[in-house]
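# Examination of the molecular architecture
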Amino acid sequence: MRLAREIIRDKRDGATLASADIAGLVSGLVAGSVSEAQAAAFAMAVCLKGMDRGETVALTLAMRDSGRVLAWPAGEFPGPVLDKHSTGGIGDLVSLVLAPMLAAAGAYVPMISGRGLGHTGGTLDKLDAIPGYRSRPGLERFRRVVRTAGCAIIGQTDDLAPADRLLYRIRDVTATVESVPLICASILSKKLAAGLGGLVLDVKAGSGAFMADVAAARKLARVLSEVANGAGLPTSALVTDMDEPLAPAAGNAVEVLAAVRYLRGEERPERLHEVVMALGVELLQLGDLAVKSGEAKARLEKVLARGEAAERFARMVKGLGGPGDILERAGAILPAAPVRMVVRARTAGRVASIDTRALGLAVIGLGGGRRVESDAVDPAVGLTDLAGIGRQLARNDPIAVVHARDQASGEAAALAVALAYRTGGMVVGRREDGRGPVLGRIGGKKR
């Protein structure tokens, strides 16, 4: 390998790096021969000068190969190995319901998820609200649950893409998180290390997303899809709306309860259901479990209607240490906050816009997320019954319910929620033309 400082110098000056140089730098970071200071300088050079498609693919593969790459032999797992990834949002509980739906439809879903990032919720934080659930099991238990339940949602293990964990921590404190090549390599190296046969990306756009601009979200979706396919992973992407919460609940236990209600058929919010089905259709087609979108949709609706998806969720929870009766007793099992407050509309009119990011920050303020990495998360707190854009309200109509640990934090959250809603006038954002939450599709098979 060339000296790390020479590779950094080349990227600093805008040169295109050879795959061997990128691989050497990544392996050196894991081995300790490349210092954190050098890794930080490299990240900043990439952030400022960018990477072309070939370089980004090379970085992704090098980070994948920095640790163990899982295999799912067909004799043991006789179906396609599929997964989805979301860039994060508010009320985004899609993974909790889609993974068991895919499993019931014939796929295997070894989903490696993350914790909350910034104002957005994390799938692992939600699952940690289930008493006993082990989000970081041993590899053998992970494989056993994928085999028996068809799906398992866990956190990144120490031996999967360790270079990503090291580089992300450096990026987080050096203002280089937003670099598109580094985002791509971070997301995709973990998915490639999971040994997937197909991936669908859910790239959010709107006030509750990291990328508020639709054009920027489309660009990221396109680059992610092209890099993933270039690395040998069949991938498509959807751009979806995050100008309002995807589900009318935001928090950890409250979202798990909403997921159970969805799987049991008690409540399936329209926007959530549309995104779940769109992602599921993409994945069934990628995995050759359906040829046409209509066939895929019918298959997903069938596993929901028959309760097969709910049964897979229960099997996954039990297999990973949670209670076996989560479907029947979710309301009693999940932690509940002692204080509940109804938030009411300050003015009459139709809900014209929502500062969705402010809702995420309100959950963090309640203790349902992290201000710093070391913060403990209160699984019980959050928001429910969130009114959506377009809802017609009279003054003092309820727009949300705050679930809080104490009166003071509840009152602060209630004020933040009230201020996040604007009523009257023209509906702004991408709902004004009557379209649903799916804003675009990139790649994938013909429908």
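Scope of this entry: the structure provided in the associated data block. Since we're looking at a predicted model, the values are computed, not measured.

## Some words on the pattern of salt bridges
It is possible for side chains bearing opposite charge to pair when their charged atoms get close. Applying the stated rule across the entire model yields 27 salt bridges. Measuring nitrogen to oxygen at the nearest pair gives 2.7 Å for the salt bridge that ties aspartate 10 to arginine 2. With relative accessibility at 25%, the residue aspartate 10 sits in the partly exposed group. Salt bridges here are not isolated pairs; linked through shared partners, they connect Arg261, Arg264, Glu266 and Glu267.

## Some points on the sheet that holds strand β5 (residues 235–241)
Ordered by their spatial adjacency, 4 strands build an open sheet running β1-β4-β5-β13, and the pairing between neighbours is mixed. In this open sheet, the two strands that pair with only one neighbour each are β1 (82–86) and β13 (438–443). In this sheet, adjacent strand axes meet at a mean angle of 15 degrees when their direction is disregarded. Relative to β5, strand β4 (residues 198–205) is paired through 7 bridges, and the arrangement is parallel. The residue bridging valine 200 from the neighbouring strand is serine 236, located in β5. Helix-sheet contacts for helix α10 (residues 214–230) involve β4, β5 and β13, and the interaxial angle to β4 is about 165 degrees. Helix α12 (residues 270–286) rests against β1, β4, β5 and β13 of the sheet, and its axis sits at about 150 degrees to β4.

## Focus: the pairing of strand β11 (residues 398–404)
Most of β11 is tucked away: 6 of the 7 residues are buried. Strand direction decides the pairing type here: strand β7 (residues 339–344) and β11, joined by 6 bridges, are antiparallel. Residue pairing across strands places arginine 340 opposite histidine 403, the latter belonging to β11. Pairing analysis gives 3 bridges linking strand β9 (residues 382–384) to β11, with the strands arranged antiparallel.

## Details of the packing of aromatic side chains
Applying the stated criterion across every chain, the model contains 3 aromatic pairs. Taking 5.0 Å as the distance between ring centres and 85 degrees as the angle between the ring planes, the aromatic pair formed by tryptophan 72 and phenylalanine 77 counts as edge-to-face. Classification of phenylalanine 77 by relative accessible area gives buried; the value is 1%. Look at tryptophan 72 and you get buried, because its relative accessible area is 10%. Taken together, Trp72, Phe77, Tyr108 and Phe142 form an aromatic cluster joined through their ring pairs. Across the ring face of tryptophan 72, the terminal group of arginine 143 is positioned such that the distance to the ring centre comes to 4.9 Å. Between the NZ or CZ atom of arginine 268 and the centre of the ring of tyrosine 262, over which it lies, the distance is 5.4 Å.

## Some thoughts on the sheet that holds strand β12 (residues 421–423)
Strands sit in the order β10-β8-β12 across an open sheet of 3 strands; the sheet is antiparallel. The strands lining the two open edges of the sheet, one partner per strand, are β10 (392–393) and β12. As paired elements, strand β8 (residues 349–354) and β10 share 2 bridges and run antiparallel to each other. By the bridge assignment for β10, glycine 349 is matched with leucine 393. Together, β8 and β12 form the strand contacts of helix α17 (residues 407–420), whose direction differs from that of β12 by roughly 40 degrees.

## Looking at the pairing of strand β2 (residues 109–113)
The side chains of a regular strand alternate between both faces of the sheet. Burial analysis of β2 places 5 of its 5 residues in the buried class, which makes it a mostly covered element. Burial along β2 is two-sided: Val109, Met111 and Ser113 facing one way and Pro110 and Ile112 facing the other are all buried. Where β2 and strand β3 (residues 151–155) come together, 5 bridges link them in parallel fashion. Across the sheet, the residue bridging to isoleucine 112 is isoleucine 154, located in β3.

## Looking at unusual backbone geometry
Of note, the phi angle at aspartate 288 is positive, near 60 degrees, even though the residue is not glycine. Along the polypeptide, aspartate 288 turns up in the loop between α12 and α13 (293–305). The class for aspartate 288 is exposed, based on a relative accessible area of 59%. At asparagine 396, a residue that is not glycine, the phi angle is positive and equals roughly 75 degrees. With respect to the helices and strands, the residue asparagine 396 is situated in the loop between β10 and β11.

## Observations regarding α12
For α12, which comprises 17 residues, the first-to-last C-alpha distance of 24 Å matches the rise-based estimate of 24 Å (1.5 Å per residue) to within 8%. Extensive coverage of α12 is indicated by the burial of 15 of its 17 residues. Two residues or fewer past α12, aspartate 288 is found with a positive phi of approximately 60 degrees.

## Structural notes on the nonpolar core
Within the largest apolar cluster, 132 residues are counted, with the highest numbers of intra-cluster contacts made by Met316, Ile326 and Tyr421. Setting aside its immediate chain neighbours within four residues, isoleucine 326 contacts Ile130, Val260, Phe313, Ala314, Val317 and Ile333. Phe42, Leu167, Ile170 and Ala185 belong to the second largest nonpolar core, which has 24 residues in total.

## What to know about the packing of helix α8 (residues 162–172) against helix α9 (residues 180–193)
With their axes 10 Å apart at the nearest point, α8 and α9 run at an angle of 150 degrees to one another. Considered as vectors, α8 and α9 are oriented roughly antiparallel to each other. For the element pair α8 and α9, the recorded crossing hand is left-handed. Residues Asp164, Leu167, Tyr168 and Arg171 of α8 lie in contact with α9, whose contacting residues are Leu182, Ile183, Ser186, Ser189 and Lys190. Residue composition of the contact of α8 with α9, grouped by class: 4 nonpolar, 2 polar and 3 charged.

Criteria and thresholds
- Residues numbered from 1 in each chain as written.
- Predicted model: local features only at pLDDT ≥ 70, side-chain atom pairs only at ≥ 80, totals over all residues.
- Heavy atoms only, no water.
- Salt bridge = Lys/Arg side-chain N within 4 Å of Asp/Glu carboxyl O.
- Buried < 20%, exposed > 50% of the residue type's maximum accessible area, 1.4 Å probe, protein only.
- Pairing = 2+ DSSP bridges.
- Helix = DSSP H or I, 4+ residues; strand = E, 2+ residues; numbered from the N terminus.
- Axes fitted to C-alpha atoms, helices over the stretch in contact; angles between N-to-C directions.
- Contact = heavy atoms within 4.5 Å.
- Phe/Tyr/Trp six-rings, centres within 6.5 Å; stacked < 30°, edge-to-face > 60°.
- Lys NZ or Arg CZ within 6 Å of the ring centre and 35° of its normal.
- Expected span 1.5 Å × (residues − 1).
- Core = buried A, V, L, I, M, F, W, Y, C linked by side-chain atoms within 4.5 Å.
- Parallel < 35°, antiparallel > 145°, perpendicular 65-115°, else oblique.
- Left-handed = near helix turned anticlockwise from the far one by under 90°.
- Nonpolar A, V, L, I, M, F, W, Y, C, P; charged D, E, K, R; others polar.

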